[in-house]
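The primary structure of each chain is shown beneath.
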Amino acid sequence: MSDLNSHVVIVGAGHAGGTLAALLRQFGHAGAITLVGDEPIPPYQRPPLSKAWLKGEADADSLALKPLEFYAGENIDFRPDVRAVKLERSARKVRLSDGGELTYDKLVLATGARAIALPIPGADLDGVLFLRTAADAEALKAAVGPGKRLAVVGGGYIGLEVAASGRALGAEVVVLEREERLLARVACEVLSTFFRDYHEQRGVTFELGASVVGFEGSGGRVTGVKLSDGRVIACDAAVVGVGAHPNDELASESGLETARGVVVDLEARTSDPNVFAIGDVAHRPMPIYGRMFRMESVPNALEQAKQAACAITGRPAPAGEVPWQWSDQYDLKLQIAGYAFDVDEIVVRGDPKSGKFAVFHLNGDQVQSVEAINAPPEFMMGRQLIGNRKRVDKQKLANPAISMKEVAA
Amino acid sequence: MAKITYISFSGTETTVDVKPGLSIMEGAVKNNVRGIDGDCGGACACATCHVYVDEAWRAKTGERSAMEESMLDFAENVEANSRLSCQIKVTEELDGLVVRLPESQS
């Protein structure tokens, strides 16, 4: 069922929201589209913020999903620097921070996630930075340079990408990680060890099992990070990359079902048939794994934007995709497909020392996820195997002399 | 500015001005040319920006990198003149470049 003349209001002008607006027009939606974002610039890609942007290899133009003129040209009312403050579903109204209000036929929540702030002393000192927005990236870029000391709190993707970029810019980098290994929430131990070695060889210092209890400063500016063991790691700037919290308050306060994220189905529809949620804010089904999950990745933002666009314009739902993500550090390309749920065995294919290998996570002889470093065939075929649930011969999988195409045949 | 022509699978030609420094993929996506997805934004991580470079331009557009070669291996209908368009940077030298688009990107 569709109404190609309905007014669609999209709250959140990030990757998911921006992509959805464009897809609606592409799919023939003729009604009004209002795209509300709390940043001053049109939708843009965040992944380059920790990489090309930081290294000065990208500018605002290259980051933008579409040039600003695109929105007016497609009759999309793009409202930057405005935040939605209240959702009244019975009246189908969204109240805005500038005092205005919007009445919708269909509402899409694409409010994303915000960087988690450490509630510790000194967190508001100048130079204690996050990396979520273009504005954050601007501040971080100014703080990194030859000889500058950068303390990175968090050994996850953000932390490691910033560390790699920091080193490329000649900064001294110390990464402080609470767990005993890097990428603890998102990757296996083989990878943790590999990345630690790779970074250390390039001059990054790690403090693992390090709890950060405060930031020290002088004249309002950060000068060090204090650890629970009493040591202070001196720095000129600190980046906090310890995770992100979904911006689901607008939804929960309006009575929509949330579970650390707005609960949706495979059409990105919430518990209210006229309200959708997509991207980092959404808690969605993962049919391959038989569970619900919130994914923080560009591919998920794109997939859910497609789901919502199809649902709103009356097209059949798009084919399910195998979730995937990537991270670039130095000359390493890490590509991950799937999630390591219900894993009973791992198979390493290739030699980590060569800088080109993959780790497959299996449930019996089915691939649940694959982490590939500079190994596109392993990533691409692994992704296919995760999707089609084919059983693999683990001996062949572990043998790089047998091509992935053959393994997956 | 360099003029880049994208020819869709059905034969529709679209010519756009692309700022040097952007990739052929970005030139398409930012100018709303259909047929190139570029899901990963140019990170050579998804193989959804596949194009065929017109013979006359193959020398000027350069060679595939090892990573690009590897990823391209998994696109469909790959030919000798196939490239991942996120890996071709636009320069004034490429003014007039013509690329053809595949039937689909996935």
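Moving on to the overall build of chain B. For chain B, the helix and strand inventory stands at three helices and five strands. Reading the helices (α) and strands (β) of chain B from amino to carboxyl end gives β-β-α-β-α-α-β-β. Scaling as 2.2 N^0.38, a compact globule of 106 residues should have a C-alpha radius of gyration of about 13 Å, and chain B matches this with 12 Å. The principal-axis extents of the C-alpha atoms in chain B amount to approximately 30 × 25 × 25 Å. Counting the 106 residues in chain B, one finds 42% classified as buried. Taking the contacts inside chain B whose residues are at least 6 apart along the sequence as the reference set, 65% of them involve residues at least 24 apart.

Attention now moves to the overall build of chain A. Scanning chain A from N- to C-terminus turns up eleven helices and 26 strands. In terms of C-alpha radius of gyration, chain A reaches 22 Å, essentially the compact-globule figure of 22 Å for 409 residues. Dimensions along the principal axes, computed over C-alpha positions, put chain A at roughly 65 × 60 × 35 Å. Residue burial in chain A is summarised as follows: out of 409 residues, 48% are buried. Put simply, 61% of the contacts in chain A that link residues at least 6 apart link residues at least 24 apart.

Right, let's get into the interface of chain A and chain B. Facing 17 residues of chain A, the contacting portion of chain B comprises 14 residues. Listed by contribution, the elements that provide at least two residues to the side of chain A that touches chain B are helix H8 (298-313), strand E22 (324-329), strand E23 (332-338) and helix H9 (376-388) of chain A. Among the residues forming the side of chain A that touches chain B, the class breakdown is eleven nonpolar, three polar and three charged.

Before going further, it helps to examine the domain arrangement of chain A. All names here are of chain A. Annotation of chain A at the domain level lists domain 1 (8-114 + 245-313), domain 2 (128-242) and domain 3 (331-407). The interface of domain 2 with domain 3 comprises six residues on the first partner and eight residues on the second. When the residues that make up the side of domain 2 that touches domain 3 are grouped by side-chain class, the tally is six nonpolar, no polar and no charged.

Residue and element names in this part refer to chain A. Residues Lys106 and Val108 line one face of strand E7 (residues 106-109) and the alternating positions Leu107 and Leu109 line the opposite face, and both faces are buried. Examined bridge by bridge, E7 and strand E19 (residues 275-277) share three bridges and lie parallel to one another. Bridging from a neighbouring strand, Leu109 pairs with Ala277 of E19.

Quick look at the sheet that holds strand E11 (residues 172-177) of chain A now. All names here are of chain A. Ordered in space as E9-E16-E10-E11-E12, the five strands form an open sheet in which the pairing is parallel. Since the sheet does not close on itself, it has two edges, and those belong to strand E9 (128-129) and strand E12 (205-208), each with one partner. One ladder, built from four bridges, connects strand E10 (residues 149-153) with strand E16 (residues 237-240); its direction is parallel. Within E16, the position partnered with Leu150 by the bridge is Ala237. Against the sheet, helix H5 (residues 157-168) makes contact with E10, E11 and E16, and its axis sits at roughly 170 degrees relative to E11, the strand it touches most.

Residues and elements named next belong to chain A. Of all hydrophobic cores here, the largest spans 146 residues; its most connected members are Ile10, Leu20, Leu109, Val152, Ala238 and Ile278. At eight residues, H8 tops the list of elements feeding residues into this core. Those residues in contact with Leu20 that lie beyond four places of it in its chain are Ile10, Val108, Ala110, Ile278, Ala305, Ala308 and Ala309.

Here we come to the sheet that holds strand E13 (residues 212-218) of chain A. All names here are of chain A. The antiparallel open sheet is built from three strands, whose spatial order is E13-E14-E15. With partners counted over all chains shown, the strands left at the sheet margins are E13 and strand E15 (232-234), one partner each. Averaged over all adjacent pairs, the angle separating strand axes in this sheet is 30 degrees, with direction ignored.

Before going further, it helps to spend a moment on helix H6 (residues 189-201) of chain A. Residue and element names in this part refer to chain A. With 13 residues, H6 extends 18 Å from end C-alpha to end C-alpha; this agrees with the ideal 18 Å at 1.5 Å per step. All of the buried residues along H6 are Leu191, Ser192, Phe194, Phe195, Arg196 and His199. Check the buried side of H6 and you find it contacts H5, E12, strand E25 (357-363) and strand E26 (366-373).

What follows is about unusual backbone geometry. Residue and element names in this part refer to chain A. Within the chain, Leu183 stands out as a residue other than glycine whose phi angle is a positive 50 degrees. For Leu183, the location among the structural elements is in the loop between E11 and H6. Residues other than glycine seldom take positive phi values, yet Tyr330 does so here, at roughly 50 degrees. Of note, Tyr330 is situated in the loop between E22 and E23. On the basis of neighbour count, Tyr330 is assigned to the partly exposed category, with 18 C-beta atoms found within 10 Å.

This part covers the confidence of the model for chain B. Residues of chain B with pLDDT of at least 70 account for 100%, and the chain-wide mean is 94. Complex prediction metrics read pTM 0.95 and ipTM 0.91.

Okay, the environment of Asp265(A) next. Residues and elements named next belong to chain A. Structurally, Asp265 can be placed in the loop between strand E18 (262-263) and E19. Using a count of 15 C-beta atoms within 10 Å as the deciding quantity, one classes Asp265 as partly exposed. In sequence terms Asp265 and Thr111 are 154 residues apart; their C-alpha atoms lie 17 Å from each other.

Quick notes on the rules
- Here the residue index of a chain counts from 1 through its sequence in written order.
- Chains carry letters and ligands carry numbers; both start at the beginning, A for chains and 1 for ligands, and go up in the order they are written.
- Predicted model: local features are reported for residues with pLDDT of at least 70 only, side-chain atom pairs are reported and counted for 80 or more only, and whole-chain, interface and lining totals are derived from all residues.
- Each helix corresponds to a stretch of at least 4 residues labelled H or I by DSSP, and each strand to a stretch of at least 2 residues labelled E; elements are numbered beginning at the N terminus.
- The globule rule is 2.2 Å times the number of residues to the power 0.38, and the radius of gyration it is compared with is taken over C-alpha atoms.
- Partly exposed residues are those whose C-beta has more than 12 but fewer than 20 other C-beta atoms within 10 Å; with 20 or more the residue is buried, with 12 or fewer it is exposed, and the C-beta atoms are placed from the backbone.
- Contacts are defined on C-beta atoms placed from the backbone: any two residues whose C-beta positions lie within 7 Å are in contact.
- Three categories are distinguished: nonpolar for Ala, Val, Leu, Ile, Met, Phe, Trp, Tyr, Cys and Pro, charged for Asp, Glu, Lys and Arg, and polar for the others, with Gly belonging to the last.
- The domain limits used here are those given by an automatic or database domain assignment.
- In this description, strands pair whenever DSSP reports at least two bridges between them.
- Axis lines are fitted through C-alpha atoms, for helices just across the contact stretch, and the angle between N-to-C directions can take any value from 0 to 180 degrees.
- To form a nonpolar core, buried Ala, Val, Leu, Ile, Met, Phe, Trp, Tyr and Cys residues must be joined through C-beta atoms within 7 Å.
- One less than the number of residues in a helix, times 1.5 Å, gives the span that helix is expected to have.
- As a per-residue measure, pLDDT tells how confident the predictor is, with possible values from 0 to 100.

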